[in-house]
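# Observations on the model geometry
Here are the chains, one letter per residue:
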Amino acid sequence: MILRRAEADRWLFVATITLCLAGAVMVFSASALTAREQYGNSYHFLLRQLLWLGFGLVAMFAMINLDYRRLRQPKLVLTYFFVVLVMLVGVFFLDKAHATHRWFRVGVVSMQPSELAKLAVILYLAWFLELRCRPRSFGVNDLMHTLAPALGLVLMMAGLVVLEPDLGTSLEIVIIAMAMLFVAGLSGKYIAAATVAAVPAIYFAVVHVSYRYERVMAFLHPDADPLGHGFQLMQSLIAVGSGGLTGVGLMESRQKLFYLPEAHTDFIYAVLCEELGFIGGALVLALFAVYAWRGLEACFRARDNFGRFLALGITVMVASQALINLGVVLGLMPTKGIPLPFLSYGGSSLFVMLSGTGVLLNISQQTGEAVRG
Amino acid sequence: MQVPGMDFRSPQIRLLIVAAALGLWTAAAVARLADLQLLHYSDYLARAERQQQRIVEISPKRADILDRNLQEMAMSTSLDSCFAVPAELADNHLVARLLAPLLGLPPEEIATRLSSSRSFVWIARKLPPATVARIRQLNLRGIYFQKENQRFYPKRDLAAAVLGYVDIDEKGLGGIEYQLDGRIRSKAARMFILTDAHNRWYESADKTPEPGSSVILTIDENIQFIAEKELATAIDETRAKAGTVLVEDPSNGEILAMASWPKFNPNAPAGSPPQARMNRAVGALYEPGSVFKIVTLSAAIDQGITTPDEVVDCQMGAIYIAGHRIRDHKAYGLLTVSQILAHSSDVGAIKIGLRLGAPKFYEYIHAYGFGEPTGIDLPGENRGLLRRVENWTPVSVGSISMGQEVGVTPLQMINAVSAIANGGLLYRPHVVLALRRASQVEQEPQPAPRRVVREATAATMRAMLEGVILSGTGTKAQLDGYTSGGKTGTAQKIDPTTGRYSATQLIASFVGFAPINNAAVTILVQLDSPVGLHEGGSVAAPVFRRIAEQVLPYRNVPHDIPVSPAKLRAARRSQASEAADVSDFDSAQLTPAASSSGQPEPISAGVLPVSAPAPTVELAAGDGISIPDLTGKTVRQVTEICVQLGVNPVLVGTGTVQEQSPQPGAMVRRGASVIFQFGRPLLRQAQLRTQAQFHKAAR
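Keep in mind the model is a prediction, meaning the values are calculated, not measured.

### Let's talk about the packing of aromatic side chains
The geometry of an aromatic ring pair comes down to the distance between the two centres and the angle between the two planes. Inspection of every chain in the model, using the stated rule, returns 21 aromatic pairs over all chains. Here the aromatic rings of Y68(A) and F306(A) are separated by 6.2 Å at their centres, their planes lie at 20 degrees, and the arrangement is stacked. Taken together, the residues Y68(A) in the loop between α2 (44-64) and α3 (74-90) and F306(A) in helix α11 (residues 305-329) connect sequence positions 238 residues apart. Judged by its relative accessible area of 1%, Y68(A) falls in the buried class. Taken together, the ring pairs in this structure connect F81(A), F82(A), Y124(A), W127(A) and F128(A) into an aromatic cluster. Positioned over the ring face of W293(A) is R294(A), at 4.7 Å from the centre of the ring. Here R125(B) stacks its cationic end above the ring of W122(B), 4.6 Å away from the centre of that ring.

### Remarks on unusual backbone geometry
The amide bond that connects E164(A) to the next residue, P165(A), takes the cis arrangement and shows omega of 5 degrees. Mapped onto the secondary structure, P165(A) falls in the loop between α5 (143-163) and α6 (167-184). Note that the residue after S661(B), namely P662(B), is joined by a cis bond; omega there is 0 degrees. On the secondary structure map, P662(B) appears in the loop between β24 (656-661) and β25 (667-668). Phi is positive for K126(B), close to 55 degrees, though the residue is something other than glycine. Residue placement: K126(B) occurs in strand β4 (residues 121-127). Since its relative accessible area comes to 11%, K126(B) is described here as buried.

### As for the nonpolar core
With 120 residues, the main nonpolar core has M157(A), Y269(A), L310(A) and F342(A) as its most contacted residues. Among the elements that take part in this core, helix α10 (residues 268-301) of chain A stands out by supplying 17 residues, more than any other. Filtering out sequence-adjacent residues up to four positions away, L310(A) remains in contact with Y68(A), L71(A), I122(A), L123(A), A126(A), V359(A) and I363(A). Membership of the second largest hydrophobic core comes to 84 residues, among which are I184(B), I255(B), F361(B) and F370(B).

### Focus on the sheet that holds strand β19 (residues 485-494) of chain B
Residue and element names in this part refer to chain B. Taken in spatial order, the five strands make up an open sheet running β10-β9-β21-β20-β19, and their pairing is antiparallel. At either end of the open sheet lies a strand with only one pairing partner, and these are β10 (254-261) and β19. Ignoring strand direction, the axes of neighbouring strands in this sheet form an average angle of 10 degrees. As paired strands, strand β20 (residues 501-514) and strand β21 (residues 521-528) are joined by eight bridges and run antiparallel to one another. Within β21, the position partnered with I507 by the bridge is D528.

### Notes on the pattern of salt bridges
Counted under the stated rule, the structure contains 37 salt bridges over all chains. Between R301(A) and E297(A) there is a salt bridge, and its shortest N-O distance comes to 2.8 Å. With a gap of four residues between them, R301(A) and E297(A) both fall in helix α10, about one helical turn apart. For the salt bridge of D528(B) with R280(B), the shortest nitrogen-to-oxygen distance reads 3.5 Å. Taken together, the residues D528(B) in strand β21 and R280(B) in helix α10 (residues 280-283) connect sequence positions 248 residues apart. An identical accessibility class is assigned to D528(B) and R280(B); each is buried. The network of salt bridges with common partners includes R62(B), R151(B), K171(B), E177(B), D181(B) and R185(B).

Here is what the cut-offs are and how they apply
- Residues numbered from 1 in each chain as written.
- Chains lettered and ligands numbered in written order.
- Predicted model: local features only at pLDDT ≥ 70, side-chain atom pairs only at ≥ 80, totals over all residues.
- Heavy atoms only, no water.
- Phe/Tyr/Trp six-rings, centres within 6.5 Å; stacked < 30°, edge-to-face > 60°.
- Helix = DSSP H or I, 4+ residues; strand = E, 2+ residues; numbered from the N terminus.
- Buried < 20%, exposed > 50% of the residue type's maximum accessible area, 1.4 Å probe, protein only.
- Lys NZ or Arg CZ within 6 Å of the ring centre and 35° of its normal.
- Core = buried A, V, L, I, M, F, W, Y, C linked by side-chain atoms within 4.5 Å.
- Contact = heavy atoms within 4.5 Å.
- Pairing = 2+ DSSP bridges.
- Axes fitted to C-alpha atoms, helices over the stretch in contact; angles between N-to-C directions.
- Salt bridge = Lys/Arg side-chain N within 4 Å of Asp/Glu carboxyl O.

Here it is, written out as structure tokens:
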């Protein structure tokens with residue numbers, strides 16, 4: 001029962017496609033030299049990014065045309081959730097790449113289950129919270145029947161991601177879950193309790209893992225050790241700062257010449273800022289702002305609670321991840337390996353983001369007003 | 001849209017809170033972006049450039065140094081230097097082995113340099129073009145070339161002490177090259193290399209340097225040549241250890257020639273000992289001896305204490321001062337003050353000095369510029385030794401009266417005598433006439449002269465100094481055709497081991513000027529430790545004469561007394577022979593014998609043979625350089641072509657190339673000398689005409 005009552009949100013669609021195309025260009029610019037050096041082909045990363053962009057757009061259009069309410073089935077939600085959970089456990093039995101267990105290979109295609117985990121959490125919480133928010137149900141603030149099962153599964157997921165180790169993505173999962181619970185009506189005392197509980201958790205996760213501690217120290221004092229742990233941050237700031245108002249020109253970045261680590265993935269925004277300057281950097285920020293605005297608008301106008309929670313989860317996923325990445329690149333936060341949605345090189349991330357955006361666009365075209373009209 | 005069981009107000013507000021949180025975060029990001037890219041743009045740009053760019057200093061192009069007739073004394077040509085970008089090299093040791101035989105360096109040394117972690121290393125600088133071509137043929141990755149400038153002194157050791165020299169980076173290390181380094185060298189001659197984080201070189205840009213200013217000297221290369229030639233002859237004859245000749249224009253303080261012996265070749269400064277690179281005229285102190293009596297007597301006359309005709313008892317050669325007995329070099333009885341100067345009586349000078357008194361005497365010594373730098377535009381000037389009058393001992397006045405207990409530089413001495421020659425004015429001596437930048441000539445400003453003695457005093461002194469030459473110790477300084485004045489000096493050197501005056505080590509000197517009225521030149525000749533004949537009057541005075549008799553006609557100074565018939569005949573003969581041989585008019589001067597013959601020099605103008613070692617032209621099969629025909633080329637063109645070819649040009653004369661040896665087309669080995677004879681075919685006729693008219697007038 002596909003109901004085409006309104007058009008999908010044009011602003012959201014245009015912002016998403018623009019970010020993807022800018023991403024493809026920047027991935028090429030940032031990776032061409034590295035690609036030629038490592039693979040003998042300047043287009044190595046660009047071609048893979050375009051391939052995944054193709055997959056992602058197919059998934060997005062599929063989702064636009066699939067009524068989101070058909071996702072509200074326990075079978076589907078829980079199956080997806082547990083498949084991802086199994087994959088997250090499975091990566092520990094596979095080879096390490098970059099000293100981490102992040103990749104799950106199926107044939108020639110590598111997936112990062114941690115990316116899939118974000119969608120799994122959103123879908124699960126949207127389904128579960130909608131269930132609990134129904135009349136005569138337990139409500140959000142029931143510890144036994146709502147919070148324990150909701151947070152239990154989410155924290156299990158996040159915990160597995162932390163072990164990969166991928167603190168950034170697990171933090172992301174927690175942020176999404178907290179935002180969804182918050183909007184669903186979590187009472188003040190639980191919020192306070194969670195905040196208090198978070199302090200020692202973050203303390204142990206940071207201070208007792210030496211590289212994270214050093215990254216935090218490097219963030220606080222980047223000049224103390226510019227060639228050591230402060231190197232990444234310093235190089236990122238130099239890239240952004242030397243861009244100035246108009247940038248050094250597309251493809252002209254110098255910082256990508258091995259000064260900036262992960263130039264085409266986590267620090268692609270630094271290359272963009274260097275090449276396109278304040279104008280380019282602010283424009284990308286504006287596109288993410290448009291995404292967040294239209295996403296929250298869709299959430300606000302969603303015809304049911306499931307759509308509302310789903311839209312909120314997807315919007316927070318994209319917006320918060322973008323802002324965390326920018327925070328790292330601009331030196332507002334300690335460095336954390338987290339890609340910039342739509343722009344960074346990385347198939348899984350792009351695929352997940354575009355699929356989610358497809359769902360969001362479907363929600364946006366089935367607004368409350370449209371039902372009445 | 002009411003859904004029962006859920007509090008609606010709350011989720012909407014909470015949604016707004018989430019939106020507000022995202023909005024704040026976004027605002028913070030925008031603010032930070034603006035902070036980095038707009039407010040601190042220049043800081044980060046500087047940091048980026050610091051790590052991305054390697055700046056390599058390349059030898060800047062130095063502007064020419066010209067003599068007062070705009071003849072090149074120092075010029076720059078360009079040569080290729082070879083450098084490596086170590087990160088781009090495939091195999092350091094292979095590259096080192098390939099380059100070693102071409103550069104004549106041990107392979108290990110090259111390998112060490114290539115294994116540097118820097119992004120840029122020089123392998124060899126300023127290479128001959130043939131070597132560059134061979135390295136290029138190897139087509140090695142990571143080996144590059146950069147054009148660099150090479151200083152060249154076409155006149156070799158001529159005026160080397162004035163010009164100075166440069167190091168491999170074209171930085172001035174002596175003389176004018178050092179003094180005006182910042183103005184001669186071009187600004188910001190740098191090569192920018194952009195490197196990646198692995199120190200690989202991927203782009204470079206030469207910053208176009210701003211050209212430096214050419215320096216026009218007061219030195220006249222012809223007078224300089226005469227001075228150096230006569231100094232060399234005198235050194236040869238007297239076997240002196242060292243010597244100095246200065247020629248100054250007394251009317252303005254311009255130094256026309258400044259010659260030091262020993263000398264050095266600025267093209268290869270490392271090949272000579274440091275003392276040879278010293279400019280003795282400004283840096284070597286000596287006790288002037290009797291020459292200083294000029295100061296003593298002029299001060300007394302200026303003060304009205306004595307007159308030239310006053311008779312003084314010279315006490316038969318001995319005087320007691322403060323219990324010390326000072327002996328004269330000869331026992332004189334009654335002498336006039338003029339005669340005291342003419343015969344250089346120590347006792348007479350002491351008595352006049354004592355009458356003058358220490359404070360007044362000191363005042364005049366100071367006024368003449370002793371004990372302080374003259375302010376000449378050359379480095380390494382010595383201020384001299386002059387104790388303050390408060391520190392004088394009772395013997396001091398007497399000692400200083402006859403030129404002891406005081407240390408002067410040759411430049412201070414000649415400048416003081418110039419003040420007598422020009423009527424009592426002390427000019428600041430200088431060697432820089434003007435600076436030229438992009439055809440705009442900027443005169444070097446000179447301070448106004450300072451009056452030392454009254455004009456009448458100077459005139460009296462000139463007459464007395466003429467007496468020295470006519471009937472005193474300086475008769476060997478008598479000129480043919482010109483009046484002259486001067487003073488001899490023979491001073492004992494202080495033996496550095498005993499601290500006492502040495503009996504054998506002397507400094508013989510002569511300072512004089514000509515003609516007596518309207519003096520055109522002041523000339524100082526100073527010889528350090530001549531062997532055998534050692535009095536200033538017998539060894540230095542003849543050098544003065546030989547130089548003056550060449551320089552005065554060259555400067556077109558009219559004769560003020562008759563020229564001796566013998567000299568006229570010689571002049572006519574040389575003129576006739578010159579006219580007969582137009583293409584090689586100064587060939588006679590090329591042979592060193594002509595200058596040491598003791599015969600009066602033929603009067604010839606604008607002729608500059610450069611003393612050069614015997615040319616070694618060797619032929620070697622396979623490695624020959626064919627000499628092109630350079631007839632009609634200028635000094636600069638010839639120098640550039642020769643540097644490119646890799647042969648050593650020996651430039652003789654001024655003007656354009658008239659002849660060359662070996663002949664065009666001959667094959668010579670690398671580094672061989674090729675002699676180029678310069679001349680001015682058009683100017684020559686005019687010169688001969690002027691000379692002929694001049695001699696007619698003199699008759």
